Amino acid sequence: ERAWEYMRVHRPKLVIGSPECTAFSQIQNLNKETEESKAKYMEGRRLLKFMLEMYEEQLKNGRWFLHEHPAYAGSWGLPEVKKILRQEGVMVCTADQCMYGLKTRGKEKGEEEFAMKRTKFMTNSGCIADELSKKCDGTHKHQQLVDGRAKVAAAYPEGLSRAICEGLKEEMKRWDMGVRKLLSIKLGDEIEAVS
């Protein structure tokens, strides 16, 4: 209810959805089904449905959305996701997050290594899609997202956040919308404007 109220009052230019993907992961499919895993899957479907309804609202009102899930997540094959994909102007792009600076704990203490984390994005913004299409250039090694590393990799690296903002800024320029400030980041008591 709070999210819908925010949408009604603020009419955000861009809504970003990244519902928990654990319930849709390939690894989850390898595990034996339990009551707990069924409940987690149903909760995942409920949250995904909520986000898809928000995307529909953005489309209906001529605003943008961005949906993110791992490239191989089972959610991409769900009928409700495919329904959004069939909407005019909606597209999918794929990126390797190592190209946006994603790193996780390395094998040696204090060491960090790149993690590829191939990710699909669904959006109705061509400019954002252009920014989120980088594939690994092969100039570095990758750390597998095992042994607790996947949890750390759930947060967007700064380069990915900046790419989203750059795409939105370009999209707004294309539609001749003034851009003063895209977002504010609160660090303790200080607020840093990012544009």
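Definitions and cut-offs
- Residues numbered from 1 in each chain as written.
- Predicted model: local features only at pLDDT ≥ 70, side-chain atom pairs only at ≥ 80, totals over all residues.
- Heavy atoms only, no water.
- Helix = DSSP H or I, 4+ residues; strand = E, 2+ residues; numbered from the N terminus.
- Buried < 20%, exposed > 50% of the residue type's maximum accessible area, 1.4 Å probe, protein only.
- Contact = heavy atoms within 4.5 Å.
- Areas by Shrake-Rupley, 256 points an atom, 1.4 Å probe, with all protein chains shown as cover.
- Pairing = 2+ DSSP bridges.
- Axes fitted to C-alpha atoms, helices over the stretch in contact; angles between N-to-C directions.
- Phe/Tyr/Trp six-rings, centres within 6.5 Å; stacked < 30°, edge-to-face > 60°.

Draft legend 1. Spatial organisation of the overall build of the protein chain. The secondary structure content of the protein chain amounts to seven helices and eight strands. Burial analysis of the protein chain (195 residues in total) assigns 36% to the buried set. Considering only contacts in the protein chain between residues 6 or more positions apart, those separated by 24 or more positions represent 71%. Carbon and sulfur atoms make up 50% of the accessible area of the protein chain, which totals about 12,400 Å².

Draft legend 2. Spatial organisation of the sheet that holds strand 2 (residues 64–70). Across the sheet, four strands lie side by side as 1-2-6-3; this open sheet has mixed pairing. Bordering the open sheet on either side are strand 1 (14–17) and strand 3 (91–96), each of which pairs with just one other strand. The sheet shows a mean angle of 20° between the axes of neighbouring strands, direction not considered. Note that strand 3 and strand 6 (residues 118–123) share six bridges and pair antiparallel. Note on strand 6: the bridge partner recorded for Cys93 is Phe121.

Draft legend 3. View of the packing of aromatic side chains. Applying the stated rule across the entire model yields two aromatic pairs. Measuring from ring centre to ring centre gives 6.2 Å for Trp4 and Phe50, while their planes differ by 90°; the resulting arrangement is edge-to-face. Here the residue Trp4 occupies a position in helix 1 (residues 2–10), and Phe50 occupies one in helix 3 (residues 35–60), the gap between them amounting to 46 residues. Accessibility expressed as a relative area gives 23% for Trp4, which makes it partly exposed. When the ring of Tyr55 is compared with that of Phe65, the centres are 4.6 Å apart and the planes differ by 15°; the resulting orientation is stacked. Of this pair, Tyr55 sits in helix 3 while Phe65 sits in strand 2, and the two are ten residues apart along the sequence.

Draft legend 4. Quick peek at unusual backbone geometry. Even without being glycine, Arg11 reaches a positive phi, approximately 45°. Topologically, Arg11 is positioned in the loop between helix 1 and strand 1. The phi angle at Lys117 is positive, at roughly 40°, despite the residue not being glycine. In this structure, Lys117 sits in the loop between strand 5 (112–114) and strand 6. Residue class for Lys117 comes out buried when judged on its relative accessible area of 18%.

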